Structures are given as structure tokens and as C-alpha cells.
Amino acid sequence: MTTMQGKMLCEIFKSSRKEEMYLYVDKREGLERVPEALMERFGTPVSVMTMILTADKALARASGAEVMAAIEEKGFYFQMPPAKDEYLLDLYRTPTEARY
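In this report, the structure presented in the accompanying data block is examined.

## Things to note about unusual backbone geometry
The backbone of Glu 20 shows a phi angle near 60°, a positive value even though the residue is not glycine. Secondary-structure assignment places Glu 20 in the loop between strand S1 (7-14) and strand S2 (22-26).

## Concerning the packing of aromatic side chains
Applying the stated criterion across every chain yields a total of two aromatic pairs. Plain terms: the ring middles of Tyr 24 and Tyr 77 are 5.5 Å apart, the flat faces sit at 75° to each other, and that makes the pair edge-to-face. One end of the pair, Tyr 24, is in strand S2; the other, Tyr 77, is in strand S4 (residues 77-79), with 53 residues separating them in the sequence. Tyr 77 matches Tyr 24 in its accessibility class, with the two residues each being buried. Taken together, a centroid distance of 6.5 Å and an interplanar angle of 65° make the contact between Phe 42 and Phe 78 edge-to-face.

## Regarding the environment of Leu 23
Mapped onto the elements, Leu 23 comes out in strand S2. A sequence separation of 53 residues divides Leu 23 from Phe 76, and the C-alpha atoms of the two residues are 6.6 Å apart. Dropping the residues within four chain positions of it, Leu 23 is found in contact with Glu 11, Ile 12, Phe 13, Leu 31, Val 34, Leu 38, Met 39, Phe 42, Phe 76, Tyr 77 and Phe 78.

## Examining the sheet that holds strand S3 (residues 46-54)
Sheet architecture is open: four strands sit in the order S3-S1-S2-S4, paired in antiparallel fashion. The sheet terminates laterally at S3 and S4, the two strands that pair on one side only. Sheet twist, expressed as the average angle between the axes of neighbouring strands with direction ignored, equals 25°. As paired elements, S1 and S3 share eight bridges and run antiparallel to each other. Paired with Ile 12 across the strands is Met 49, a residue of S3. Taken strand by strand, helix H2 (residues 64-74) contacts S1, S2, S3 and S4, and its axis lies near 110° from that of S3.

## Brief notes about the environment of Leu 53
With respect to the helices and strands, the residue Leu 53 is situated in strand S3. Taking the C-alpha atoms as reference points, Leu 53 and Gly 6, 47 residues apart in sequence, are found 8.4 Å from one another. Beyond its immediate stretch of four places on either side in the chain, Leu 53 contacts Gly 6, Lys 7, Met 8, Cys 10, Leu 59, Gly 64, Val 67 and Met 68.

## Remarks on the nonpolar core
Soluble globular proteins: nonpolar side chains tend toward being buried together. Membership of the largest hydrophobic core comes to 13 residues, with the highest contact counts inside it found for Cys 10, Tyr 24, Leu 53, Val 67, Ile 71 and Tyr 77. Of all the elements in the fold, those that place two or more residues in this core are S1, S3 and H2. With four residues, the top contributor of residues to this core is H2. Leave out the neighbours within four places in its chain, and Ile 71 touches Met 8, Cys 10, Tyr 24, Val 25, Asp 26, Arg 33, Phe 76 and Tyr 77. Within the second largest apolar cluster, nine residues are counted, among which are Val 34, Leu 38, Met 39 and Phe 42.

Criteria and cut-off values
Numbers given for residues are sequential positions, taken from 1 along each chain in its written order. For a predicted model such as this one, the threshold for reporting local features is a pLDDT of at least 70, and the threshold for listing and counting side-chain atom pairs is 80 or more; totals across whole chains, interfaces and linings nevertheless cover every residue. The basis for every side-chain value is the complete set of heavy atoms in the structure, and neither hydrogens nor water enter the calculation. The secondary structure listing takes helices from DSSP runs of H or I that are at least 4 residues long and strands from runs of E that are at least 2 residues long, numbered from the N terminus. Pairing of aromatic rings covers Phe, Tyr and Trp, the last through its six-membered ring, and needs centres within 6.5 Å; plane angles under 30 degrees mean stacked, over 60 mean edge-to-face, and all others mean tilted. Each residue is placed in one exposure class: buried if its accessible area under a 1.4 Å probe, protein chains only, is under 20% of its type's maximum, exposed if it is over 50%, and partly exposed if it falls in between. When checking whether two residues touch, look at their non-hydrogen atoms; a contact exists if any pair is within 4.5 Å. By this definition, two strands are paired if DSSP reports at least two bridges between them. Working convention: axes come from line fits to C-alpha atoms, limited for helices to the stretch in contact. Angles between N-to-C directions cover 0 to 180 degrees. To qualify as a nonpolar core, a set must consist of buried Ala, Val, Leu, Ile, Met, Phe, Trp, Tyr and Cys residues joined through side-chain atoms within 4.5 Å.

Geometry only, nothing functional implied.
Rendered as C-alpha cells:
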């Protein structure tokens, strides 16, 4: 699917199963090119936004160019939740009682 003048009308869905998991698709195609196995993992897609993507648009964890390239190539861009910082996990592993 080619973009018109370097723009793409993109629909963004959030996962019903996992926070901060998103699928970006071409609004005209919807979810038709997303593999069934991915949809099973993703859960029920909940539409959160429709936006015009351009190559120079900065998104939270990717560039517009990256997202548009993935959508054109595969039919979707899949955004995973951010990895938890290891040092934050260490806070939970560290004993909390003082030892002298």
C-alpha cells in the first residue's frame, strides 16, 4: 500500500490483554493483514486513535518513518510495552529491614 504525499491515515488499537501494547495499521486496511496468531496474543483490539502519520512525526517509542515502513511492508506496526528497568526490579529483591 503506497502512501499519498508521504502521509498515511493510521489507526491505533490498544490491547485488551496487556497495558501499553499497541497495533498501528493503515486505516483503509484495518486489521485484515495482521496475523491471526498475533491477534490471539493481542486480545480484543480497542481503537484509541486515528492520526495522520508522516515520516518526520515523532511518536513515543518510534519514528513515523519506522511505523509507516512496517505498515507498508507487513500491514501493521506492533508496539510492545516498555521493558521494566532492571534497577527498579532490584528494589523489590532487596531486603527492606535494616541489618547492623
